[in-house]
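Report on the structure
So the chains spell out like this:
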Amino acid sequence: MINVTRAFLPPAEQYQKYLKGIWERAHLTNNGPLLLELEEKLRTYFESKHFSFLNNGTSAIQIAIKGLELSGEIITTPFSYVATTSSIVWENCKPVFADIDAHTLCIDATKIESLITAKTTGILATHVYGIPCDVEAIEKIATKHGLKIIYDAAHAFGVKYKGKPLVNYGHASTLSFHATKLFHTTEGGGIVTNDETAAHKFNYMRNFGHKGQEDFWGVGINAKNSEFHAAMGLCVFPYVEEIIRKRKELTELYDELLLKDNLQITRPTIPAETEYNYSYYPVLFESEAVLKSVVLSLQADFIHPRRYFYPPLSTLNYVKKQSVPITTDVSSRVLCLPLYYELETEQVKRICQIMRHVLRFKS
Ligand SMILES: *Cc1c(COP(=O)(O)O)cnc(C)c1O
């Protein structure tokens, strides 16, 4: 069976080496040495002043919203994983959806300004599939209107834009290190920021608000992560370059086999000056009907692509319905094909062969 993704596992001996140290120290969580080492490594990698390692990418978004003191309305993308919208609602804010750009599939910056009201406090945009949002245009709007920017950068590990890590844009960027992500710590996530005050808040908020043992800075929650998760991160981190290289190779093979012979498959656009991470392989078909026939044929061969992201988040039963025609259209006919480190060239060829067959004999 071939799934859309498969977790990368480092050699078991490398993880076991870290386990030995954890057993000796009996320091399992609460800012242990492995967690501090991972945070330091990632801070350097992100070229950022601050990075807080957290228990997952969803609490990262929630803490970013709370720590940056967003309230009222947050302008966001309807084309992302559910956690982007649910976190806004969880923090008692209202998501206001700006439609996406038909090429990058990220929030369309030109649609943000008309949605700003007296209640708007921030923008939460996703670098979907690791494709950079129009960070310059978004920054201009945010500065003009005094809004905070949070990027859901769950897909953006390793992406650079204009020579700078993409997670370095905005007031804060949140990451997910869930097992299925390009870089992972089994479960995990974090927030990148260059803002001293925000970083301080993120750090106490993840640890119940503690200021020492008997005092508290403010309200907090338990969003810490453990030595076991940090150890996985330390084991996976040295492979990141190799993981990205392998994904690039598979992406180029998909491109070579699918983007020819008038197959009516299109791909999102990666903006210029992007060093991409190849975190997903999304394709767009002519229609949902074509997508469905492709999915059926692949499934018959035990190949399981995923409809990332369907349906639009503006259709969730706990948000106000809003019209986002481009998202509705894209979401109905976009499919992510299998892409992971261990995927074999022959498997990609097989997937493309099935797809080419369906697409040539459709109608
Ligand atoms: C995976 C993901 C999340 C959630 O991260 P978790 O670590 O699973 O909580 C949030 N946003 C996007 C865009 C994601 O893909």
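First, a word on scope: everything that follows refers to the structure included in this document.

Conventions used here
Residues numbered from 1 in each chain as written. Predicted model: local features only at pLDDT ≥ 70, side-chain atom pairs only at ≥ 80, totals over all residues. Heavy atoms only, no water. Buried < 20%, exposed > 50% of the residue type's maximum accessible area, 1.4 Å probe, protein only. Helix = DSSP H or I, 4+ residues; strand = E, 2+ residues; numbered from the N terminus. Contact = heavy atoms within 4.5 Å. Pairing = 2+ DSSP bridges. Axes fitted to C-alpha atoms, helices over the stretch in contact; angles between N-to-C directions.

With that settled, consider helix H4 (residues 82-90). The set of residues buried in H4 consists of Ala83, Thr84, Thr85, Ser87 and Ile88. Elements that come into contact with the buried residues of H4 comprise helix H3 (57-67), strand S3 (73-76), strand S4 (94-97), strand S5 (120-126) and strand S6 (148-152).

With respect to the secondary-structure elements, Asp99 resides in the loop between S4 and S5. Aside from chain neighbours lying at most four places away, what touches Asp99 is Ile107, Asp108, Lys111, Val324, Pro325, Ile326 and Thr327.

The strand order S2-S10-S9-S6-S5-S3-S4 describes an open sheet built from seven strands, whose pairing is mixed. At either margin of the open sheet sits one strand with a lone partner, and together these are strand S2 (50-54) and S4. Each strand axis lies, on average, 25° off the axis of its neighbour in the sheet, ignoring direction. Bridging between S2 and strand S10 (residues 189-193) involves five bridges; their strand directions are antiparallel. By the bridge assignment, Phe51 is partnered in S10 with Val192.

The subject of this paragraph is unusual backbone geometry. In this model, Tyr308 is joined to Phe309 through a cis peptide bond whose omega is 0°. Here Phe309 lies in the loop between strand S15 (303-304) and helix H10 (325-333). Of note in this structure, Asn92 is not a glycine but carries a positive phi near 60°. Mapped onto the elements, Asn92 comes out in the loop between H4 and S4. Judged by relative accessible area, Asn92 falls into the exposed class, the value being 72%.

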